[in-house]
Amino acid sequence: MSESGFGGGFGGDREDRGGRFGGRGGPGGRPGDRDRDRERGPMSVKARLRAKARKKARKAQKKKGSAFRKKVCRFCADSAVGIDYKDPKGLRYFLTETGKLIPQRISGNCAKHQRQIATAIKRGRQLALMPYASHHGM
Amino acid sequence: MREYETTFIVQPEISDEAANELLTRLDGLLERSGAVRLLHDDQGKRRLAYDIQKFQKGRYVTSYYLSDGSAVTVVERALRLEESVLRFLTVMADPEVTDIEARKTRAAEQERQHAERARERALRDAEEERAREADLRSGGRADDDDDDDDRGDDE
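Report on the accompanying structure. (Residues numbered from 1 in each chain as written. Chains lettered and ligands numbered in written order. Predicted model: local features only at pLDDT ≥ 70, side-chain atom pairs only at ≥ 80, totals over all residues.)

## Comments concerning the overall build of chain B
Okay, so step 1: The number of helices and strands found in chain B is 3 helices and 4 strands.
Okay, so step 2: Ordered by position in the sequence, the α and β elements of chain B form the string β-α-β-β-α-β-α.
Okay, so step 3: Every one of the 155 residues in chain B was classed for burial, and the buried ones make up 21%.
Okay, so step 4: Within chain B, counting contacts between residues at least 6 apart in sequence, those at least 24 apart form 77% of the total. (Helix = DSSP H or I, 4+ residues; strand = E, 2+ residues; numbered from the N terminus. Buried ≥ 20, exposed ≤ 12 C-beta atoms within 10 Å, placed from the backbone. Contact = placed C-beta atoms within 7 Å.)

Put into structure tokens, the structure is as follows:
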């Protein structure tokens, strides 16, 4: 008795969803996401997660105001700042304490300059100006 | 003509004369392979981010030159065979230099500035060295005093 009741509940739920949103989209997705899916074709899981994160950030921004400020690429903002593999001081900012590259998501660089930074750091590593990995802190 | 920059690390224990001799040898190689030597920028001794052949410091020199590319192999072969050179890296700095004379005059200016900076750095290094020595002498004595105090407390 109880089992059949359970099953019926699930079935009804599914039917309900199918009727409203056309029956596509993964679990946990929001109605709005699914509508967009249909226009642009299937979204990968990663893309959906990113979209979700963006939405969340936008929401948080509305709530907190300046807490989630849009990052501006510092090299675009000030063209006088060059990127040079021979300048470890300037590049160190874009490495973690353990010597890994900081993603542009966090550093705020634009794609072009992040690429230049990455190459510069890799060149610096070959010349022992930058660490490959830090064993005893920098 | 393209502009290349070759940065290399010379062993820290090599004397200034030997390092300069290496640079003049590079000049000769550049001339013979039809390149235009712009300048050598000696950045002095720097700490290496990691040990190379058990050395913790290295003398960084960057050579700038114009060439169609044939000089790069010549320079790199010379650096590879030179045992006092720990590492080298050649990068194309400018894919097309049209006004060679203008670049040359700018290079001369840069070289002058670099030489000035090197002189200042040498002075500063000497001063730091003196300060460190003085520190070591006075600091050593202060440490001794502390030790004595500690021992006094223990007893």
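## Examining the sheet that holds strand β4 (residues 85-94) of chain B
All names here are of chain B.
Okay, so step 1: What the 4 strands build is an open sheet, ordered β2-β3-β1-β4; its pairing is antiparallel. For this open sheet the edge positions go to β2 (36-52) and β4, each flanked by a neighbour on one side alone. The mean angle between the axes of side-by-side strands here comes to 20 degrees, regardless of whether they run parallel or antiparallel.
Okay, so step 2: Note that strand β1 (residues 2-10) and β4 share 8 bridges and pair antiparallel. Among the inter-strand pairings, F8 is bridged to a residue of β4, identified as F88. (Pairing = 2+ DSSP bridges. Axes fitted to C-alpha atoms, helices over the stretch in contact; angles between N-to-C directions.)

## Details of the interface of chain B and chain A
Okay, so step 1: If you look at the interface, chain B gives 11 residues, while chain A gives 9 residues.
Okay, so step 2: If you tally residues by element for the side of chain B that touches chain A, the top one is β2(B), at 4 residues.
Okay, so step 3: Classifying every residue of the side of chain B that touches chain A by side-chain character gives 7 nonpolar, 3 polar and 1 charged. (Nonpolar A, V, L, I, M, F, W, Y, C, P; charged D, E, K, R; others polar.)

## Focus: the packing of helix α1 (residues 16-32) of chain B against helix α2 (residues 70-81) of chain B
Residues and elements named next belong to chain B.
Okay, so step 1: Packing of α1 against α2 brings their axes to within 9 Å, and their N-to-C directions diverge by 155 degrees. It follows from the interaxial angle that α1 and α2 lie roughly antiparallel. In this structure, α1 crosses over α2, and the sense of that crossing is right-handed. Each of L26, L29 and L30 in α1 lies in contact with α2, whose residues at this interface are A71, V74, V75 and A78.
Okay, so step 2: Looking at the contact of α1 with α2 residue by residue, the class counts come to 7 nonpolar, no polar and no charged. (Parallel < 35°, antiparallel > 145°, perpendicular 65-115°, else oblique. Left-handed = near helix turned anticlockwise from the far one by under 90°.)

## Regarding the environment of K45(B)
Residue and element names in this part refer to chain B.
Okay, so step 1: Tracing the chain through its elements places K45 in strand β2.
Okay, so step 2: For K45, a count of 15 C-beta atoms within 10 Å gives the class partly exposed.
Okay, so step 3: Once you skip the residues sitting within four places of it in the chain, K45 turns out to touch P12, K57, G58 and R59.

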